[in-house]
Amino acid sequence: MDENEAFEYVKSTLKKEKITPYHSDELEIVKSIGACINCGLCINHCPVVASVGLDRFSGPRSIAVELSRSPPEFWATADKVYLCTGCGTCREVCPKNVNIPEIVNIVRANIFEHRPDLVPKGLMIVKEIIEEHNLAFEPWEDKEEKEESRDMRLERLGIPYIPDVVKENAEVLFYPGCQAEERAQEVREAAKAILDYFDVDYTLLDEFSCCSLPSHLMGDAKTARNLAHQLKGKVKKLGVKKVVTTCAGCTSNLADLSVRDEWGAPAYHLLEYLVEEIGFEKLADALKKVAKPNDVHVSVHDPCHLIRHTSRQVMEHALNILRLMPGVRVTESVEHDNCCGGGGMVSFHASEVANSVVQENMMALEKTGAERLVTPCPLCTAQIENNLFKSGSSIEVDDLTVFIAQRLPKKE
Amino acid sequence: MTDSKFDVVVIGGGSTGTAVARDCAMRGLRTLLLERDDIASATVGTCAGMISSGLKYRDEPDIMKMCSTEVVYWNHIARHIVMKNPILAPLLDLSDAASDSSYMESYSEHVEERDVPAMMFLTPDATLEIEPMLHPEIIASVYYEEYFIDPFRLCLLQALDARNHGAEIRTYCEVIDFEINDKQEIEGVIFYNRVFGTTERVTTKLVVNAAGPWAHKVAKSAKEELHIRLNKGAHVIFDRRIVNTGITVKAMDGRWVYLFPHENTTLLGTTALDTWEDPDTLVASFDEIEYLLQSMETVLPSIREARIIRTMTGVRPLVPDFKVPERNVTRGYRIVDHGENDGTKGLLSFLGGKLVTCRHMAEAVTDLVCEKLGKDIACTTHEKPLPGNEDDVDIIALSKEYDISLHALERMRARRGTEMLKVLEMTKEHPEWKTTICTCEPIIEAEIRLSIREEFPQTLNDLRRRLRLGTGPCQGTFCTYKAASILSEELGLAGDDFLVDILDFRAERWKGIRQSMRGEQLAQEELAQGMYACVGNLDQSDVDYDLKPWEEGH
């Protein structure tokens, strides 16, 4: 056997033994798990454990000390690891900084490769959509219908329509994310309106493609790496200096990828961009120009992918922007930073778990007396909005980008 | 004193002793096994579990052939506790490659029957893709495969199977004397029951001394002199599988050392030092730990950053070949028939041997026993499966049926195979016994209760050997009290016995933890100390407990 045949043979043995060698960029994550001292602090903070109990989801501690110790047995964690919403609360409270959310993705990747039969069906449906369309959601069949839907939303929300721009060497790439691209189109349009208002030199992608986070979260490591590679190519080709997005998940993922794959263009959430690049002064000037703003009492939800996977500062920016808005009163909910339950792809296959997690947020929200909830993530928006609607609550939910766009004056 | 009659008494509950008891019982002999401590509580309990192809012993082709045949048998009779490890031997310079060619040839002679490939070379790129932690400047690697068995379960299953075939298994019974008549024939064995503090006697004409590193001491009770070469071996244990495959490398003194994923941990071993110390109190030395780490560091530079949870140390009972290094001592075994040389008739002592050949050793000595008893009964130990090996287990279906997590069931399957159904059956009447007791392994309460009822443990340490209780990263920080209360309830232990057993269990964990304590394990020990001293007040307990030799004094 020559060396190449030997390597092929070894790979087939590893496959039989259900071993996927750790990739070199995963070694830090694996090492961090070795620091777990089984103290159990995370269990008391895990939102999934709190809402469905330890029998259903054995919690982050069990992932560290039990489920992630032996790759050949990763397949046997399939009844637990897909229930992690990846919110990162465990990592935040952990005295040893054990990187549970990322080891979950490594374990899921092993199951995806060796026992695809054990991957929840709901995730396999998403996988097929991504494979076919490079998007996490089934795209509109009829372009005209999609535009009609967009225009109806814009009209209802009072947001101006700005035509799409695609050009090379713009300062900023605006990356809406799959949800805003195909579902919550008002978020995409609102961001464009904001960027346009402040005269930002921006471009969209010629052909939008997924940032790879859903593939990464479901364990489809190969597709995740392909999508990341594809996107890097597009960013490089456009020659932009910065990437701005309105999705919390995209923010953290693009920020990670931009470092890992050396894009040379940092990624921002629109809120960060507004505060750091436009500045409070300009923002305040603009927001005060609105003639007769309606008084509105809001509360805020912090997306996990911003506060725990990016930086808690992003939500401080959000609150500071809201404080600049005339007529807006903010009451903080005690559960403002509790996971909405929709993360980690959980809402795609175990909606009962996701919907159970969000109950905490809803109860705390009712107590604030707020009439509206704003959050800078279209996925959190959808998850909370659906559940509030089902419970018969009168509280409305807005994506924060939309809320900001609505309160900007007409451009002179 | 009780008095009963046996065809044969086997001394020692290690891999050899339990294999002998099984073989004798399966051939219909009235068999008694006496073990001074617990099953697999010494040498075999500190080995890496490799059922080796014998590639280190290329100068002994017969041994290599025997090893290979035995591996095939293990895969037939105990596949539920056998795992395969792919292994890389990375090479840093060409001289390494040249010196290895004879290994490669001899290893490859018997590969077909073991269903593994011949040794092969891999490029540096391929090697680093398989194990990215390896030294970036390796020039190639040699790839091969070996099989591993759970040594604790193997011994226990052999003992249980022996019992199923009518043998009596007595743990905590230490042989203290033999009755020998004027014709120098053995007539009886006298032993001390350490649980009840009584002396007992049984009648037998034949004794198989499989006491491993104590074989010469047992022989001495019959006034026989038995030479043996005792050799210490230490392992360093990591908290999880830290490598994708096994790694072997030549140590600084030219011996081979290895890093093997084992169950849900990784073992780094081993050392080889001639020893005259008491095997019961032996601990790994700083030199041994450094020898292992520094040797492995040459190819795996980050090994020291991984989390070491403990060390384990055992003694090899080698045949008395002296004036040669340990690695040149035969790995074959000898059966000393003391009666053949004008010594005690009916006493047969084992020297040497390996885990992988324990069944073969048992077959040989049982043939001899049968011959002496004038019986001609064929050996079937290589054909009939050990308990639990009978069939495949559908973990996914069982998880649905019993509402227990897949992983808990898969770990249970790795210990029990089809016999796990007995545990699950218990949860029908007692659903509350699905509670996880040991979180690292994991182990549910029902399995602890079943083990106590059917696998004759007396202590928490015995439960550890049967179930891997307290062997994970937290080293029993959270399971000790819970398991102790179950043990006390099942065995009716009084309050003081309960505390002493907890202290014994903690002491035994400490024995391995203390030597290698560093890095992340320090944080774990702080937490364990908080649990047992600050919360449990165990350090202030006034129960009658003698500190172990390795525990620091007041």
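Residues numbered from 1 in each chain as written. Chains lettered and ligands numbered in written order. Predicted model: local features only at pLDDT ≥ 70, side-chain atom pairs only at ≥ 80, totals over all residues.

Let's talk about the overall build of chain A
Turning to step 1, where the next piece is worked out: On a plain count of helices and strands, chain A comes out with 21 helices and 8 strands.
Turning to step 2, where the next piece is worked out: Computed over the C-alpha atoms, the radius of gyration of chain A is 22 Å, within 12% of the 22 Å expected from 2.2 N^0.38 for a compact globule of 412 residues.
Turning to step 3, where the next piece is worked out: Along the longest, intermediate and shortest principal axes, the C-alpha atoms of chain A span 75 × 50 × 40 Å.
Turning to step 4, where the next piece is worked out: Counting all 412 residues of chain A, 53% fall into the buried class.
Turning to step 5, where the next piece is worked out: Considering only intrachain contacts with a sequence separation of at least 6, the fraction spanning at least 24 residues in chain A is 78%. (Helix = DSSP H or I, 4+ residues; strand = E, 2+ residues; numbered from the N terminus. Rg over C-alpha atoms; globule rule 2.2 N^0.38 Å. Buried ≥ 20, exposed ≤ 12 C-beta atoms within 10 Å, placed from the backbone. Contact = placed C-beta atoms within 7 Å.)

Comments concerning the overall build of chain B
Turning to step 1, where the next piece is worked out: Looking only at helices and strands, chain B features 17 helices and 22 strands.
Turning to step 2, where the next piece is worked out: Its C-alpha radius of gyration of 23 Å places chain B within 12% of the 24 Å reference for a compact globule of 554 residues.
Turning to step 3, where the next piece is worked out: Overall, chain B is about 70 × 55 × 55 Å in size when its C-alpha atoms are taken along their principal axes.
Turning to step 4, where the next piece is worked out: Looking at chain B as a whole, 54% of its 554 residues are labelled buried.
Turning to step 5, where the next piece is worked out: Considering only contacts in chain B between residues 6 or more positions apart, those separated by 24 or more positions represent 71%.

Describing the domain arrangement of chain A
Quoted interface sizes are often the accessible area lost when the parts come together.
All names here are of chain A.
Turning to step 1, where the next piece is worked out: Under the domain assignment, chain A is made up of domain 1 (3-119), domain 2 (143-278) and domain 3 (291-406).
Turning to step 2, where the next piece is worked out: On a C-alpha basis, the centres of domain 1 and domain 3 stand 29 Å from each other.
Turning to step 3, where the next piece is worked out: Taken residue by residue, the interface counts 14 residues in domain 1 and 16 residues in domain 3.
Turning to step 4, where the next piece is worked out: Elements with a minimum of two residues in the side of domain 1 that touches domain 3: helix 3 (47-52) and helix 5 (89-93).
Turning to step 5, where the next piece is worked out: Per element, the largest residue contribution to the side of domain 1 that touches domain 3 is 5 residues, and it comes from helix 3.
Turning to step 6, where the next piece is worked out: A class-by-class count of the residues in the side of domain 1 that touches domain 3 yields 8 nonpolar, 5 polar and 1 charged. (Domains from an automatic or database assignment. Nonpolar A, V, L, I, M, F, W, Y, C, P; charged D, E, K, R; others polar.)

Considering the nonpolar core
Turning to step 1, where the next piece is worked out: The biggest cluster of nonpolar side chains holds 157 residues, and the ones touching the most others in it are Ile 194 of chain A together with Ala 483 of chain B.
Turning to step 2, where the next piece is worked out: Counting residues per element, this core draws most heavily on helix 6 (residues 100-114) of chain A, which supplies 8 residues.
Turning to step 3, where the next piece is worked out: With 130 residues, the next largest nonpolar core counts Met 64, Ile 149, Ile 247 and Ile 309 of chain B among its residues. (Core = buried A, V, L, I, M, F, W, Y, C linked by C-beta atoms within 7 Å.)

A closer look at the packing of helix 10 (residues 395-402) of chain B against helix 11 (residues 406-416) of chain B
Residue and element names in this part refer to chain B.
Turning to step 1, where the next piece is worked out: Closest axis-to-axis distance for the helix 10/helix 11 pair is 9 Å, and the angle between their directions is 125 degrees. With respect to each other, helix 10 and helix 11 are oriented oblique. Once helix 10 is placed against helix 11, the crossing between them reads as right-handed. Across from Ile 395, Ile 396, Leu 398 and Ser 399 in helix 10, the residues of helix 11 making contact are Leu 406, Leu 409, Glu 410 and Arg 413. (Axes fitted to C-alpha atoms, helices over the stretch in contact; angles between N-to-C directions. Parallel < 35°, antiparallel > 145°, perpendicular 65-115°, else oblique. Left-handed = near helix turned anticlockwise from the far one by under 90°.)

Examining unusual backbone geometry
All names here are of chain B.
Turning to step 1, where the next piece is worked out: Omega for the bond connecting Gly 269 with Thr 270 falls within 30 degrees of zero, at -10 degrees, which places this linkage in the cis form.
Turning to step 2, where the next piece is worked out: If you trace the backbone, Thr 270 turns up in the loop between strand 16 (265-269) and strand 17 (273-274).
Turning to step 3, where the next piece is worked out: Looking along the chain, the bond that leaves Glu 441 and enters Pro 442 is cis, with omega of -5 degrees.
Turning to step 4, where the next piece is worked out: Examined against the element boundaries, Pro 442 turns out to sit in the loop between strand 21 (436-438) and strand 22 (443-444).
Turning to step 5, where the next piece is worked out: Within the chain, Glu 263 stands out as a residue other than glycine whose phi angle is a positive 55 degrees.
Turning to step 6, where the next piece is worked out: Here Glu 263 lies in the loop between strand 15 (256-262) and strand 16.

A look at the interface of chain B and chain A
Turning to step 1, where the next piece is worked out: Every contact between the two is made by 42 residues of chain B and, on the other side, 38 residues of chain A.
Turning to step 2, where the next piece is worked out: Secondary structure elements with two or more residues in the side of chain B that touches chain A: strand 5 (82-91), strand 6 (120-122), helix 5 (124-130), strand 7 (140-149), helix 10, helix 11 and helix 17 (520-535) of chain B.
Turning to step 3, where the next piece is worked out: The element that contributes the greatest number of residues to the side of chain B that touches chain A is helix 17 of chain B, accounting for 4 residues.
Turning to step 4, where the next piece is worked out: Taken together, the residues of the side of chain B that touches chain A break down into 20 nonpolar, 10 polar and 12 charged.

So, the sheet that holds strand 10 (residues 186-193) of chain B
All names here are of chain B.
Turning to step 1, where the next piece is worked out: With mixed pairing, the 4 strands of this open sheet are ordered in space as 1-11-10-9. Bordering the open sheet on either side are strand 1 (5-6) and strand 9 (173-180), each of which pairs with just one other strand.
Turning to step 2, where the next piece is worked out: Two elements, strand 9 and strand 10, share 7 bridges in a ladder whose sense is antiparallel. Paired with Val 175 across the strands is Phe 191, a residue of strand 10. (Pairing = 2+ DSSP bridges.)

Quick notes on the environment of Gly 12 of chain B
All names here are of chain B.
Turning to step 1, where the next piece is worked out: Along the chain, the position of Gly 12 falls in the loop between strand 2 (8-11) and helix 1 (15-26).
Turning to step 2, where the next piece is worked out: Once the C-alpha coordinates of Gly 12 and Trp 214 are considered, the two residues, 202 residues apart in sequence, prove to be 9.0 Å apart.
Turning to step 3, where the next piece is worked out: Those residues in contact with Gly 12 that sit more than four places away from it in its chain are Gly 17, Glu 35, Ala 210, Ala 211 and Gly 212.

Thoughts on the pairing of strand 14 (residues 246-250) of chain B
All names here are of chain B.
Turning to step 1, where the next piece is worked out: The element strand 14 is largely enclosed, with a buried count of 4 among its 5 residues.
Turning to step 2, where the next piece is worked out: Of the pairings in the sheet, the one linking strand 5 to strand 14 comprises 2 bridges and is parallel in character. Counterpart to Ile 87 in the pairing with strand 14 is Gly 246.
Turning to step 3, where the next piece is worked out: Relative to strand 15, strand 14 runs antiparallel, the two being bridged by 4 bridges. The partner of Val 249 across the bridge, within strand 15, is Val 257.
Turning to step 4, where the next piece is worked out: Connecting the antiparallel pair strand 14 and strand 15 is a turn made up of 5 residues, with Gly 254 showing a positive phi of about 90 degrees.

Overview of the domain arrangement of chain B
Residue and element names in this part refer to chain B.
Turning to step 1, where the next piece is worked out: Domain annotation of chain B identifies domain 1 (5-43 + 152-228 + 331-373), domain 2 (83-146 + 230-325) and domain 3 (395-540).
Turning to step 2, where the next piece is worked out: Using only C-alpha atoms to locate each centre, domain 2 and domain 3 end up separated by 30 Å.
Turning to step 3, where the next piece is worked out: Listed per partner, the contact involves 11 residues of domain 2 and 11 residues of domain 3.
Turning to step 4, where the next piece is worked out: Looking at which element gives the most residues to the side of domain 2 that touches domain 3, the answer is strand 18 (residues 308-318), with 5 residues.

A look at the confidence of the model for chain B
Turning to step 1, where the next piece is worked out: When pLDDT is averaged across chain B, the result is 95; 98% of the residues are at 70 or more.
Turning to step 2, where the next piece is worked out: Interface confidence in the predicted complex, given as ipTM, is 0.94; pTM for the same model is 0.95. (pLDDT = per-residue confidence, 0-100.)

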